[in-house]
Amino acid sequence: GWLGKDKIREAYQQSDCLLNLSSYEGLPNVVLEAMACGTPVIGARVGGIIDVIKEGHNGLLVNADNVGELSDAITKLLGDPEFAQRLGTHGNSEVKRSYSWDGVSRKTLEVYENVLSSNR
C-alpha cells in the first residue's frame, strides 16, 4: 500500500536491505530512496542499476535469475552487519553527491561546459 514520506523513510531504515531484482529496469527510484536512507541495496545487473551500484562499495549486484547468487548476497549482508552498514553509508553518500538537486545540476553544468569548450 501507499506510505507517506515519513513512513517510507522509517520503513527503509528498519529494513535489513532492499532487493530490486527486475529483469528490465531503467533507474528505479526505490533504489535511490533506499540508498538515501542508508539501507543496503542488492540490485539486479540491469539498466541504470549498474550505473548506480558500485559492487561491494555501495551495494551488491546479482543476476536477477540466479537464486544462488542472490542467496549468497543476502547471506553476506545479514551475516556481516558492519559490511551492510558500510554499504548503506556509502550508498547514502553516493545519492547525496550524485542524485541530489545539487549533484544533478553540477553534472548538467559539466555537460554544458564540455559541449561549449569542444565547439571553440
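About the thresholds
- Residues numbered from 1 in each chain as written.
- Predicted model: local features only at pLDDT ≥ 70, side-chain atom pairs only at ≥ 80, totals over all residues.
- Heavy atoms only, no water.
- Helix = DSSP H or I, 4+ residues; strand = E, 2+ residues; numbered from the N terminus.
- Buried < 20%, exposed > 50% of the residue type's maximum accessible area, 1.4 Å probe, protein only.
- Contact = heavy atoms within 4.5 Å.
- Phe/Tyr/Trp six-rings, centres within 6.5 Å; stacked < 30°, edge-to-face > 60°.
- Lys NZ or Arg CZ within 6 Å of the ring centre and 35° of its normal.
- Expected span 1.5 Å × (residues − 1).
- Axes fitted to C-alpha atoms, helices over the stretch in contact; angles between N-to-C directions.
- Parallel < 35°, antiparallel > 145°, perpendicular 65-115°, else oblique.
- Left-handed = near helix turned anticlockwise from the far one by under 90°.
- Nonpolar A, V, L, I, M, F, W, Y, C, P; charged D, E, K, R; others polar.
- Salt bridge = Lys/Arg side-chain N within 4 Å of Asp/Glu carboxyl O.

**Student:** Help me understand the overall build of the protein, please; the structure alone is not making it clear to me.
**Tutor:** The secondary structure content of the protein amounts to 6 helices and 3 strands. Across the protein, helices and strands are ordered from the amino to the carboxyl terminus as α-β-α-β-α-β-α-α-α. Seen along its three principal axes, the alpha-carbon backbone of the protein occupies a region of about 55 × 35 × 30 Å. When the 120 residues of the protein are sorted by exposure, 32% land in the buried category. Within the protein, contacts between residues separated by at least 24 positions form 43% of all contacts whose residues are at least 6 apart in sequence.

**Student:** Is there a simple way to think about the packing of aromatic side chains in this case?
**Tutor:** Any two aromatic rings considered together are summarised by their centre-to-centre distance and by the angle between their planes. The tally for this structure, following the rule as stated, stands at 0 aromatic pairs. For Lys107, the ring lying beneath its charged end belongs to Tyr99, and the centroid distance is 5.3 Å.

**Student:** Any chance you could explain the environment of Gly48 here in plain terms?
**Tutor:** Take Gly48: it is sitting in the loop between strand 2 (41-44) and helix 3 (49-52). Taking C-alpha positions, Gly48 is 24 Å from Glu113, a pair spaced 65 residues apart along the chain. Among residues more than four places away in sequence, those in contact with Gly48 are Glu25, Gly26 and Leu27.

**Student:** What is the right way to read helix 5 (residues 81-98) from this model?
**Tutor:** The end-to-end C-alpha distance of helix 5, which contains 18 residues, comes to 25 Å, matching closely the 26 Å that a straight helix rising 1.5 Å per residue would cover. Within helix 5, the full set of buried residues consists of Phe83, Ala84, Leu87, Gly88, Gly91, Asn92, Glu94, Val95 and Ser98. Turning to helix 5, the residues buried within the fold contact helix 2 (29-36), helix 3, strand 3 (60-62), helix 4 (67-79) and helix 6 (101-118).

**Student:** Just checking my understanding: could you explain the packing of helix 2 against helix 5 for this structure?
**Tutor:** Any two packed helices are characterised by the angle at which their axes cross and by the distance between the axes. With their axes 7 Å apart at the nearest point, helix 2 and helix 5 run at an angle of 115 degrees to one another. Compared by their axis directions, helix 2 and helix 5 come out roughly perpendicular. Note on packing geometry: the crossing formed by helix 2 with helix 5 is left-handed. Contacts between helix 2 and helix 5 involve Leu32, Met35 and Ala36 from the former and Gly88, Gly91, Asn92 and Val95 from the latter. Classifying every residue of the contact of helix 2 with helix 5 by side-chain character gives 4 nonpolar, 3 polar and no charged.

**Student:** Can you walk me through the pattern of salt bridges in this structure?
**Tutor:** For side chains bearing opposite charge, pairing can occur when the charged atoms are close. Overall, the coordinates contain 4 salt bridges when judged by the stated rule. As a salt-bridge pair, Arg45 and Glu69 come within 2.7 Å of each other at their nearest N and O atoms. Linking Arg45 in the loop between strand 2 and helix 3 with Glu69 in helix 4, this pair joins segments that are 24 residues apart in sequence. We classify Arg45 as partly exposed; its relative accessible area is 37%. Close ionic contact of Arg97 with Glu94 constitutes a salt bridge, the shortest N to O distance being 2.3 Å. Linking Arg97 with Glu94, this pair stays in helix 5, spanning 3 residues, or about one helical turn.

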